[in-house]
Amino acid sequence: MLWLKAFHIFFVVSWFAGLFYLPRIFVNHAMAEEQAVRDRLKLMERKLYKFVTPIGALAVITGLWLWFAYDFTGGWLHVKTTLVAGLVVYHFYCGHLLKVFAEDRNTRSHVWFRFFNEVPVLVLLAVLILVEVQPF
Ligand code: HEM
């Protein structure tokens, strides 16, 4: 089980690298005025999303594997999984925003993206408290 947990944490950390960085690129993209800069950011967004999507899937798969193979129980795991489901929705919404930027159709301000960028930070904190403290 410890090998599986080690890989689970590895995929989680790698997924979060993308969940933190992609919205940060959106902040810069929303501020970019030159087309050349926008085109460069589109390429970065596309490559990062393509790279981090399978890693996110592996974070969830190894988590579910831990849950069902080792019979973990507790309300903490249900709340954690619900929060992770929210993260998956956030991830795919980033995929939608990526398409909006690719077609130069973004209307949201960089300030909106700065708040949007903080969502995974709050979820990470909540999930870590749940999995380490297991309060219920
Ligand atoms: C559906 C998705 C997920 C499920 C079902 C799941 C389930 C689990 C389970 C059963 C454990 C073992 C807990 C223990 O040893 O006490 C675990 C460990 C862990 N999970 Fe997840 N997990 C999921 C996604 C995530 C995500 C997205 C994060 C980060 C935000 C995360 C962070 C962790 C951490 C840090 C540990 C190690 C805890 C420790 O060793 O003390 N997991 N996960």
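Residues numbered from 1 in each chain as written. Predicted model: local features only at pLDDT ≥ 70, side-chain atom pairs only at ≥ 80, totals over all residues. Heavy atoms only, no water.

A. Quick look at the overall build of the chain. Scanning the chain from terminus to terminus reveals 4 helices and 0 strands. Each helix (α) and strand (β) of the chain, taken in turn from the N terminus, gives the series α-α-α-α. Expressed along its principal axes, the backbone C-alpha trace of the chain runs to roughly 55 × 25 × 15 Å. Counting the 136 residues in the chain, one finds 35% classified as buried. By sequence separation, contacts in the chain at least 24 residues apart represent 78% of the contacts at least 6 residues apart. Taken as a whole, the chain presents about 8,300 Å² of accessible surface, with 71% of it coming from carbon and sulfur. Put simply, the chain has 13 plus and 9 minus side-chain charges, and the middle of one group is 3 Å from the middle of the other. (Helix = DSSP H or I, 4+ residues; strand = E, 2+ residues; numbered from the N terminus. Buried < 20%, exposed > 50% of the residue type's maximum accessible area, 1.4 Å probe, protein only. Contact = heavy atoms within 4.5 Å. Areas by Shrake-Rupley, 256 points an atom, 1.4 Å probe, with all protein chains shown as cover. Lys, Arg positive; Asp, Glu negative; His and termini not counted. Charge placed at Lys NZ, Arg CZ, Asp CG, Glu CD.)

B. Representation of a positive patch on the surface within the structure. A cluster of basic residues, Arg40, Arg46, Lys47 and Lys50, forms a positive patch on the protein surface. Here Arg40 is to be found in helix H2 (residues 35-69). The exposed category is assigned to Arg40, whose relative accessible area is 51%. (Patch = residues over 30% accessible without salt bridge, like charges linked within 9 Å, V, L, I, M, F, W, Y side chains within 5 Å. Salt bridge = Lys/Arg side-chain N within 4 Å of Asp/Glu carboxyl O.)

C. Representation of the site of the ligand within the structure. Surveying the vicinity of the ligand reveals 23 residues, the closest of which are Lys5, His8, Lys80, Glu132 and Gln134. At a separation of 2.8 Å, a nitrogen atom of the ligand approaches a polar side-chain atom of His8. One of the side-chain nitrogen or oxygen atoms of Glu132 is found 2.8 Å away from an oxygen atom of the ligand. Examining the composition of the shell around the ligand, we find that 6 residues originate from one element, helix H1 (residues 2-31), more than from any other. Considering only residue class, the shell around the ligand consists of 16 nonpolar, 4 polar and 3 charged. (Near = heavy atom within 4 Å. Polar contact = N/O pair within 3.5 Å; in protein donor to acceptor, adjacent residues only side chain to side chain. Nonpolar A, V, L, I, M, F, W, Y, C, P; charged D, E, K, R; others polar.)

D. Geometry of the coordination of the iron atom of the ligand. For the iron atom of the ligand, every protein donor is listed as His8 (NE2) and Lys80 (NZ), and the spread of their distances is 1.8 to 2.1 Å. Considering all 6 donor atoms around the iron atom of the ligand, angles at the metal cover 83 to 178° and the coordination shape is octahedral. Of this pair, His8 sits in helix H1 while Lys80 sits in helix H3 (residues 75-102), and the two are 72 residues apart along the sequence. Of the two residues, His8 and Lys80, both sit in the buried class. (Donors = N, O, S within 2.8 Å, 3.2 Å for Na, K, Ca; no water. Tetrahedral: all angles 85-135°; square planar, octahedral: opposite > 155°, others 65-115°.)

E. Focus on a nonpolar patch on the surface. A cluster of nonpolar residues, Met1, Leu2 and Tyr70, forms a patch on the protein surface that exposes about 310 Å² of accessible area. Position of Tyr70 among the secondary structure elements: in the loop between H2 and H3.

F. Structural view of the side chain of His91. One can find His91 in helix H3. Here His91 falls in the buried class, since its relative accessible area comes to 5%. A polar atom in the side chain of His91 sits 3.0 Å from the side chain of Trp15. His91 has contacts with Trp15, Leu19, Tyr49, Val52 and Thr53, leaving out every residue within four places of it along the chain.

G. The pattern of salt bridges, seen in detail. This model, assessed by the stated rule, comprises 3 salt bridges. Where Asp39 meets Lys42, a salt bridge forms, and the shortest distance between an N and an O atom there is 3.4 Å. Placement of the pair is Asp39 and Lys42 together in helix H2, with a separation of 3 residues, close to one helical turn. By relative accessible area, Asp39 is classed as partly exposed at 39%.

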